[in-house]
Amino acid sequence: MAEPVTEPRFRVWTYAAPAIVLGCSQRALREDVAQRLPPGLDLQVRPSGGGAVLTGPWMVSASVVLPLGHPWVQGRLSGSYRGLGQLHVEVLAQWGVAASAVPEPEVALANERLGPVVDWACYGSLAPWEVVDAQGRKLVGLAQRRQRTGVLLVAGTLACRPDWALLCDALGRPDDVPAMLRRTVSCADLRPGPWDAQRLAASLREALAQALEQPA
């Protein structure tokens, strides 16, 4: 995004090892979090907003860079998530995982149904068009960054259940583990059996290529 974005581009990837990624507004927490990390665990700060994320082999991530005039990013900022959220719903349905993207007017009620939010964690609350199961538990988290050159959309899908205790301990919030367990769900929880994050990534890559008319 250092130069004007002239056409959609995307990447889909998985993770070999766990890491904690802080939102840009949490930069001041980096030193304290680093002191609590187990040896060898990586710590990063991303350029987009939102709360802390625990990445790892349980997650499939995608980033999409769009020109300012692309249909997905027209209108209100929160509406920019709709296209990517709905695409994830369609991909997950192919895998037998029933999910839906939460429309903006329903977000407040959806958050209330699951009890107090965990406001420091990306997966501790819901935002418009994030993807949930029938009980309203978060399955896909979304973030974005807007610049004069274009818009970056980022998504993370929980293929398997993360180690929420690892994240909560690192942020100095061990008491939030039950809330994180209550507010989230993974693909493996919804469709039992071995889950291959690489195959899920391939399905997502194919869907993005078709939706954005780009090579897979």
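See the structure shown above.
All residue numbers refer to positions counted from 1 along the written sequence of the respective chain. Under the rules for a predicted model, residues below a pLDDT of 70 receive no local features and side-chain atom pairs below 80 are neither given nor counted, while totals for whole chains, interfaces and linings still include all residues. Hydrogen atoms and water are omitted, and side-chain values are computed over all heavy atoms in the structure.

Time to look at the overall build of the protein chain. Each helix is a run of H or I in the DSSP string that is no shorter than four residues. Each strand is a run of E no shorter than two, and both are numbered from the N terminus. Scanning the protein chain from N- to C-terminus turns up seven helices and nine strands. Radius of gyration here is computed from C-alpha atoms only, and the compact-globule reference equals 2.2 Å multiplied by the residue count raised to the power 0.38. Taking 2.2 N^0.38 as the reference for a compact globule, 216 residues should give roughly 17 Å; the C-alpha atoms of the protein chain span a radius of gyration of 17 Å, in line with that estimate. When the backbone C-alpha atoms are referred to their principal axes, the protein chain occupies close to 45 × 40 × 35 Å. Put simply, of all contacts in the protein chain between residues at least 6 apart along the chain, 73% involve residues at least 24 apart. Surface exposure of the protein chain reaches about 10400 Å², of which carbon and sulfur atoms provide 52%. Residues count as neighbours in contact if any of their non-hydrogen atoms are within 4.5 Å of one another. Where accessible areas are quoted, they stem from the Shrake-Rupley method and a 1.4 Å probe; at the residue level, only the protein chains shown are allowed to cover.

Here we take up the pairing of strand 9 (residues 150-158). The rule is simple: take the accessible area with a 1.4 Å probe, protein chains only, and divide by the maximum for that residue type; under 20% is buried, over 50% is exposed, in between is partly exposed. Burial analysis of strand 9 places eight of its nine residues in the buried class, the great majority of the element. As judged from the eight bridges shared by strand 5 (residues 59-66) and strand 9, these two strands associate in the antiparallel manner. By the bridge assignment for strand 9, Val-65 is matched with Leu-152. Strand direction decides the pairing type here: strand 8 (residues 138-147) and strand 9, joined by eight bridges, are antiparallel. Opposite Ala-143, over in strand 9, you have Val-154 as the bridge partner. Note: two strands are recorded as paired if DSSP finds a minimum of 2 bridges between them. Hairpin connection, strand 8 to strand 9: the antiparallel pair is bridged by two residues.

Moving on to the packing of helix 2 (residues 82-94) against helix 7 (residues 197-212). Here an angle of 0 to 180 degrees is reported between the N-to-C directions of two axes, which are lines fitted to C-alpha atoms, with helices fitted over the stretch in contact. Contact pair helix 2 / helix 7: the axes reach a minimum separation of 10 Å and the direction vectors enclose 130°. What the angle tells us is that helix 2 and helix 7 run oblique. Handedness of the helix 2/helix 7 crossing: right-handed. On helix 7, the residues that touch Leu-84, Leu-87, His-88, Val-91 and Leu-92 of helix 2 are Leu-200, Ser-203, Leu-204, Ala-207, Leu-208 and Ala-211. Of the residues belonging to the contact of helix 2 with helix 7, the class tally is nine nonpolar, two polar and no charged. Comment on the angle field: the value is read as roughly parallel under 35 degrees, roughly antiparallel over 145, roughly perpendicular from 65 to 115, and oblique elsewhere. Put simply, a crossing is left-handed when the front helix is turned counterclockwise from the back one by less than a right angle, and right-handed when it is turned clockwise. Think of it as three bins: nonpolar holds Ala, Val, Leu, Ile, Met, Phe, Trp, Tyr, Cys and Pro, charged holds Asp, Glu, Lys and Arg, and polar takes everything else, Gly as well.

With antiparallel pairing, the six strands of this open sheet are ordered in space as 1-5-9-8-7-6. Edge positions in the sheet fall to strand 1 (9-14) and strand 6 (100-101), since each of these pairs with one other strand and no more. Where strand 7 (residues 131-132) meets strand 8, two bridges bridge the pair, whose relative direction is antiparallel. Residue pairing for strand 8: Val-132 is matched across the bridge by Lys-138. Its contacts with the sheet put helix 2 on strand 5, strand 6, strand 7, strand 8 and strand 9, and the angle it makes with strand 9 is roughly 30°. On the sheet, helix 7 packs against strand 1, strand 5 and strand 9 and is oriented at approximately 175° with respect to strand 1.

Further remarks concern the side chain of Thr-149. Along the chain, Thr-149 turns up in the loop between strand 8 and strand 9. A polar contact is formed between the side chain of Thr-149 and the backbone oxygen of Met-1, at a distance of 2.7 Å. Once residues within four sequence positions are removed from consideration, Thr-149 is found in contact with Met-1, Ala-2, Glu-3, Pro-4 and Val-5. Think of a polar contact as two N or O atoms within 3.5 Å of one another; within protein, one of them needs to be a possible hydrogen donor and the other a possible acceptor, and neighboring residues in sequence only count if both atoms come from side chains.

Backbone geometry follows two general trends: most residues other than glycine have a negative phi, and most peptide bonds adopt the trans configuration. At Trp-129, a residue that is not glycine, the phi angle is positive and equals roughly 70°. Along the polypeptide, Trp-129 turns up in the loop between helix 3 (107-113) and strand 7. Among the residues examined, Trp-129 registers a relative accessible area of 10% and is labelled buried.

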